Amino acid sequence: MISSTLAATAYDRARPAVTPAEGLPQGVTAAASDFAKVMEQVDLAATGAMAGQGDTHDLVQSIAQAEIALETVVAIRDKVVEAYQEILRMPV
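Being a predicted model, the structure only gives us computed values, none of them experimental.

Cut-off values and rules
Residues numbered from 1 in each chain as written. Predicted model: local features only at pLDDT ≥ 70, side-chain atom pairs only at ≥ 80, totals over all residues. Heavy atoms only, no water. Core = buried A, V, L, I, M, F, W, Y, C linked by side-chain atoms within 4.5 Å. Buried < 20%, exposed > 50% of the residue type's maximum accessible area, 1.4 Å probe, protein only. Helix = DSSP H or I, 4+ residues; strand = E, 2+ residues; numbered from the N terminus. Contact = heavy atoms within 4.5 Å. Expected span 1.5 Å × (residues − 1). Salt bridge = Lys/Arg side-chain N within 4 Å of Asp/Glu carboxyl O.

Draft legend 1. Just the nonpolar core, in detail. Within the largest apolar cluster, five residues are counted, these being Phe35, Val38, Val42, Ala66 and Ala69. Put simply, the parts of the chain that give this core at least two residues each are α2 (26–50) and α3 (56–89). Looking at this core element by element, the count peaks at three residues for α2. Not counting chain neighbours up to four residues away, the residues in contact with alanine 66 comprise Val38, Met39 and Val42.

Draft legend 2. Structural context of α2. Between its terminal C-alpha atoms α2 stretches 36 Å, which fits the 36 Å expected from 25 residues at 1.5 Å a residue. Burial in α2 covers these residues: Phe35, Ala36, Val38, Val42, Asp43, Ala45 and Gly48. Trailing α2 by a residue or two, glycine 52 shows a phi angle of about 80°, which is positive.

Draft legend 3. Structural detail: the pattern of salt bridges. Under the counting rule described, the total for this entry stands at two salt bridges. Measuring nitrogen to oxygen at the nearest pair gives 2.8 Å for the salt bridge that ties arginine 77 to aspartate 78. Look at arginine 77 and you get partly exposed, because its relative accessible area is 49%. A salt bridge links arginine 89 to glutamate 86; its shortest N-O distance comes to 3.0 Å. One end of the pair, arginine 89, and the other, glutamate 86, are both in helix α3, three residues apart, so they sit about a helical turn from each other.

Next comes the structure, spelled out in structure tokens:
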């Protein structure tokens, strides 16, 4: 059985995964920062809703924004992987 403390600790350890990496081009870093901000807003809205301090409408809106942001990031990742695979298939 997973306790709430254990789940919160695991979540806290996983948070750095959404922070932008260093050494990336400026556009990629800005996009990654925007994505991290959206995820932070969702985190704050969810925490507020669980504590009974947040508005349900704000929570639903932030979850919808996070879903769109995640779908965008996945689509970009898929295009990058597809381009990399195409480069690997080129004859040398």
